[in-house]
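Below are the chains, spelled out letter by letter.
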Amino acid sequence: MKPVDEHRIHQIFEVGVWLKGAHALIECIGGILLYVISTDTIAAWVRALTQEELIEDPNDFIAGHLLQMASHFSIASKEFYAFYLLSHGLIKLALVVGLLRGKLWSYPASLAALGLFMVYQIYRYSYTHSFGLLVLTVFDAAVMVLIWQEWKIVRRHKPA
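As a convention, each chain's residues are numbered from 1 in the sequence order in which they are written. Under the rules for a predicted model, residues below a pLDDT of 70 receive no local features and side-chain atom pairs below 80 are neither given nor counted, while totals for whole chains, interfaces and linings still include all residues. The basis for every side-chain value is the complete set of heavy atoms in the structure, and neither hydrogens nor water enter the calculation.

Asks: Explain helix 2 (residues 39-56) to me, using residue names and the numbers behind them.
Replies: Under the 1.5 Å per step criterion, the end-to-end length of helix 2 is 26 Å for 18 residues, consistent within 8% with the ideal 26 Å. Along helix 2, the helix axis deviates most sharply at Thr50, where the bend reaches about 45 degrees. When we look at burial in helix 2, the residues that qualify are Thr39, Ile42, Ala43, Val46, Thr50 and Leu54. Note on conventions: DSSP H or I runs of at least 4 residues are helices, E runs of at least 2 residues are strands, and numbering of each starts at the N terminus. One fewer than the residue count of a helix, multiplied by 1.5 Å, yields its expected span. At every residue, the bend is computed as the angle between two fitted axes, covering the seven residues ending there and the seven beginning there respectively. Exposure is judged per residue with a 1.4 Å probe applied to protein chains only, and the accessible area is read against the type maximum: over 50% gives exposed, under 20% gives buried, and values in between give partly exposed.

Asks: Could you give me a rundown of the side chain of Ser110, with the residues and numbers involved?
Replies: Within the element layout of this structure, Ser110 appears in helix 5 (residues 106-128). By relative accessible area, Ser110 is classed as buried at 2%. Throughout this description, a polar contact denotes any pair of N or O atoms lying within 3.5 Å of each other; where both atoms belong to protein, one of them has to be capable of donating a hydrogen while the other can accept it, and for residues adjacent in sequence the pair is counted only when both atoms sit in side chains. A distance of 2.6 Å separates the side chain of Ser110 from the backbone oxygen of Ser106, its partner in a polar contact. Beyond its immediate chain neighbours, meaning those up to four positions away, Ser110 contacts Leu95, Leu99 and Ile147. By definition, residues are in contact when any of their heavy atoms lie within 4.5 Å.

Asks: Explain unusual backbone geometry to me, and be specific about the residues and the numbers.
Replies: For His129, which is not glycine, the phi dihedral falls at a positive 55 degrees. Relative to the assigned elements, His129 resides in the loop between helix 5 and helix 6 (131-157). A relative accessible area of 55% places His129 in the exposed class.

Asks: Would you mind going over the packing of helix 5 against helix 6 in detail, with residue names and values included?
Replies: In a pair of packed helices, the angle between the axes and the distance between the axes together describe the arrangement. Angular values range over 0 to 180 degrees, each being the angle between N-to-C directions of two axes fitted as lines to C-alpha atoms, with helices fitted over their stretch in contact. Between helix 5 and helix 6, whose axes approach to 9 Å, the crossing angle comes to 165 degrees. The orientation of helix 5 with respect to helix 6, classified from their angle, is roughly antiparallel. Crossing geometry of helix 5 relative to helix 6 is assigned as left-handed. Working rule for angles: under 35 degrees goes down as roughly parallel, over 145 as roughly antiparallel, 65 to 115 as roughly perpendicular, anything else as oblique. Definitions for this section: a left-handed crossing has its near helix turned counterclockwise from the far helix by less than a right angle. A right-handed crossing has that turn clockwise.

Asks: Report on a negative patch on the surface, specifying residues and quantitative values.
Replies: A patch consists of residues exposed above 30% relative accessible area that lack any salt bridge, with like charges linked at up to 9 Å and nonpolar side chains (Val, Leu, Ile, Met, Phe, Trp, Tyr) linked at up to 5 Å. Per-residue and other accessible areas were derived by the Shrake-Rupley procedure at a 1.4 Å probe size, with only the shown protein chains allowed to occlude residues. Throughout this description, the term salt bridge denotes a Lys or Arg side-chain nitrogen within 4 Å of a carboxyl oxygen of Asp or Glu. For the purpose of counting charges, residues Lys and Arg are taken to be positive, whereas Asp and Glu are taken to be negative. His and the chain ends are not included. A charge is said to be at NZ when it belongs to Lys, at CZ for Arg, at CG for Asp and at CD for Glu. Taken together, Glu52, Glu53, Glu56 and Asp57 make up a surface patch of like negative charges. Tracing the chain through its elements places Glu53 in helix 2. What makes Glu53 partly exposed here is its relative accessible area of 31%.

Asks: Give me the layout of surface pockets: which residues, what numbers.
Replies: The volume enclosed by the largest pocket comes to roughly 1100 Å³. A 1.4 Å probe that fits but cannot get out identifies a cavity on a 1 Å grid over protein atoms alone, an open set with protein on both sides within 12 Å along at least five of seven lines counts as a pocket, and a residue lines either if it has an atom within 4 Å of a point. Taken together, 30 residues form the lining of the largest pocket, with Met69, Phe73, Tyr81, Arg124 and Thr128 sitting closest to its centre. Of all elements in the fold, only helix 1 (3-36), helix 2, helix 3 (61-71), helix 4 (75-100), helix 5 and helix 6 reach the threshold of two or more residues within the lining of the largest pocket. With six residues, helix 4 is the single largest residue contributor to the lining of the largest pocket. Within the lining of the largest pocket, the residues separate by chemical class into 17 nonpolar, 11 polar and two charged. Grid points are joined across faces, edges and corners, and a volume is the space filled by probe spheres set on the points. The classification used treats Ala, Val, Leu, Ile, Met, Phe, Trp, Tyr, Cys and Pro as nonpolar, Asp, Glu, Lys and Arg as charged, and all other residues, Gly among them, as polar.

Asks: Which residues make up empty space enclosed by the protein, and what values do they have?
Replies: In the structure shown here, the tally under the stated rule is one cavity of 30 Å³ or more. When its volume is computed, the largest cavity comes out at roughly 90 Å³. For the largest cavity, the full set of lining residues is Val17, Lys20, Lys92, Leu95, Val96, Leu99, Ser110, Ala113, Leu114, Phe117, Val143 and Ile147. Within the lining of the largest cavity, the residues separate by chemical class into nine nonpolar, one polar and two charged.

Asks: Tell me what's going on with the pattern of salt bridges, and back it up with residues and numbers.
Replies: For side chains of opposite charge, pairing can occur when their charged atoms come near one another. Under the criterion given, the structure shown has three salt bridges. Salt-bridge contacts for Lys92 lead to Glu27; the nearest nitrogen and oxygen are separated by 3.2 Å. With Lys92 in helix 4 and Glu27 in helix 1, this pair connects stretches of sequence that are 65 residues apart.

Asks: Let's hear about the side chain of Lys92: which residues, and what values?
Replies: Given the relative accessible area of 5%, Lys92 is considered buried. Among all residues touching Lys92, those that are not within four sequence positions of it are Lys20, His23, Ala24, Glu27 and Phe117.

Structure representation (structure tokens):
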């Protein structure tokens, strides 16, 4: 591979990893917020956000589904999502730090973790049919390709 190609792959790799880091940080914040905000407060916020739209169009698909989901959002569900977001975010943050510092352990660990997250996302998609999960899975796959390419380059240039 030409040095110019390696440099370009590294630049794209860094952008992808920084985006994963930003997403991980958002997951951590979301997880913490879910832990500290009550289900009643969440339901009240959703009612306030959807009220005007439902007055305008009582059959609004998105507003109606958001309101229905909020009304059935249990404490157990809230705690699961809080735990999932926080743990997922913390794992990805640790991997991002390792990747940005060029730590060799972080490349295979990131590939394994992203692969497992993708399997879970596809499993969840089979139940939810959420377009967002598909987008996240495709992004994770692209980042995995970048991590793999960067890992090959790093191993080639690191002394044994």
